[in-house]
Structures are given as structure tokens and as C-alpha cells.
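So you can see what is in the structure, the chains are spelled out below.
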Amino acid sequence: FGFVGNFIKRKGIYEALNVFKKLDKKLNIRLICVGKNNQNSTLLNLFGYEENFEKYLKKNNINSYKNIKILPMTFNLKNFYSRIDIMLFPGYMNAVGRPVIEASLLKKPSIIALDRYNNDTAKKNNCLIFKPGDLSSFENKILFFLKNKPKIKKMGISAFKNAKRNFDINKNSKKIYKLIWD
């Protein structure tokens, strides 16, 4: 499983870590997180909207979990994607982000915090969704993939086909060109 993004509360990094801390005691699963600590959010930290990521890691003893790896954003993303099977996007913005599309283009399904499936990035057969903030549902989606491993490949292929159809740079460039010049 993988997470990529800024290590800030609204991206759901703390939720991912908490769920994997719990699962680490029962299962042999791995979470790789690649991102950066947003040090510029002093005002958000002051008002309690953002937690200091480094303090969170120490307070929760995250580095003691062998199956949870925290890597800097400078880590090679190609290498990151080759080491995961499923992308996690557990944020609170009720939206799909670039990591979900990148994962789809590499035949990796995602687990996304989203109120409902949509028509372009989060379709029913290429990802699983859960209500933002619902950690029990988030955990159940992770367990679903662990219990149904063939679904990982099947949904990854579906995600890839969908991404190629909707996010092909050549097709989209032609559409934009036509929109502007026709």
C-alpha cells in the first residue's frame, strides 16, 4: 500500500498511519509513505488545524513499526510505484488527486476518501471508496483487498483502461486545441 503527498492532516496521512498501526499488529502488510512535512503551516499549527508531523511520528512511535516506511519527497516516484500494489488517498477534501491518476496509469487500484463514485477518476470497478474520516470503513477497504487479491490486478487493469481513456495527453491536447482554435 502507498501514500504520496504532503504530510498534513487534510491529506489523511494520520488516518492512514493509525489504521496501519492497528493492522500491523494483526497482519503482515506494508505501507510506504512518500511526501514532505509542510513546515510552512505555523499559523495552522498554532490554531490546531495542523499537527506537527515529526512530533506525531515520535509521539506515536511510528518508526518502531517495521512495515511502515516514511520517505522524503525526493524519493524516486517510479521506484515508489513499483513497490506498491494499491494507492491510498484518505484525505478530507472529498476529491480525487493526481496520485490516483498516476497509480491508475500504472495499473494500480486506489482506496479513496470520497462520498460517491464519479464518472471519470473514481469508477466502481477501478477503486474502492469510503466516506472521508470513516476509519472503520477505510480499514475494511484495505482488508477487502487483502482477502481478495485477484481483485487488485483486475481493478488495476480497469483503472488503467479508464485512465487511458480519460487522461491520454494526446487526446486531451487535441481537445484543448480544438476548443481554442475551432
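I will try to describe carefully the structure that is included in this document. (Residues numbered from 1 in each chain as written. Predicted model: local features only at pLDDT ≥ 70, side-chain atom pairs only at ≥ 80, totals over all residues. Heavy atoms only, no water.)

**Comments concerning helix 5 (residues 98–105)**
- Of the positions making up helix 5, those classed as buried are P99, V100, A103 and S104. Down the axis, helix 5 shows its buried residues gathered within 140° of arc, on one side only.
- Structurally, helix 5 contributes buried residues whose contacts are with strand 1 (2–6), helix 4 (77–82), strand 4 (87–89), strand 5 (110–113) and helix 7 (149–167).
- Positive backbone phi, approximately 65°, marks K107, located one or two places after helix 5. (Buried < 20%, exposed > 50% of the residue type's maximum accessible area, 1.4 Å probe, protein only. Helix = DSSP H or I, 4+ residues; strand = E, 2+ residues; numbered from the N terminus. Arc of directions from axis to C-beta. Contact = heavy atoms within 4.5 Å.)

**Examining the environment of F20**
- Mapping F20 onto the fold places it in helix 1 (residues 13–24).
- C-alpha of F20 to C-alpha of N67: the two residues are 47 residues apart in sequence and 8.5 Å apart in space.
- Discounting chain neighbours no more than four positions away, the residues touching F20 are F1, I29, R30, L31, I68, L88 and I142.

**A closer look at the nonpolar core**
- Judged by nonpolar contacts, the single largest core of 31 residues is most densely connected at L17, I111 and I142.
- When contributions to this core are tallied by element, the ones reaching two or more residues are helix 1, strand 2 (31–36), helix 3 (53–59), strand 5, strand 6 (127–130), helix 6 (135–147) and helix 7.
- With 7 residues, helix 1 is the single largest residue contributor to this core.
- Sequence-distant contacts of I142, that is, excluding residues within four places in its chain, are made with F1, V19, F20, L23, I29 and I111.
- In this structure, I32, F80, Y81 and A103 belong to the second largest nonpolar core, which totals 9 residues. (Core = buried A, V, L, I, M, F, W, Y, C linked by side-chain atoms within 4.5 Å.)

**So, helix 1**
- Its 12 residues give helix 1 an end-to-end C-alpha distance of 16 Å, which sits within 8% of 16 Å, the value for a rise of 1.5 Å per residue.
- Burial of helix 1 is extensive: 9 of the 12 residues sit out of reach of the surface.
- Listing the buried residues of helix 1 in full gives I13, Y14, E15, A16, L17, V19, F20, K21 and L23.
- If you follow the buried residues of helix 1, they end up packed against strand 1, strand 2, helix 3, strand 3 (68–72), strand 4 and helix 6. (Expected span 1.5 Å × (residues − 1).)

**Considerations on the packing of aromatic side chains**
- Summed over the entire model, instances satisfying the criterion amount to 8 aromatic pairs.
- Between the aromatic rings of Y14 and F53, the centroid separation amounts to 5.9 Å while the plane-to-plane angle is 55°, which identifies the pairing as tilted. On the criterion of sequence distance, the pair formed by Y14 in helix 1 and F53 in helix 3 is long-range, its members being 39 residues apart.
- Among the residues examined, Y14 registers a relative accessible area of 4% and is labelled buried.
- A residue is classified by how much of its surface remains accessible, and F53, at 1% relative accessible area, is buried.
- Judged by centre distance (4.6 Å) and plane angle (15°), the rings of F130 and F138 are stacked. Both residues of the pair, F130 and F138, belong to the buried class.
- Members of the aromatic cluster, connected to one another through ring pairs, are F3, F7, Y14, F53 and Y56.
- Taking the ring centre of F160 as reference, the NZ or CZ of K107 above it sits at 4.8 Å. (Phe/Tyr/Trp six-rings, centres within 6.5 Å; stacked < 30°, edge-to-face > 60°. Lys NZ or Arg CZ within 6 Å of the ring centre and 35° of its normal.)

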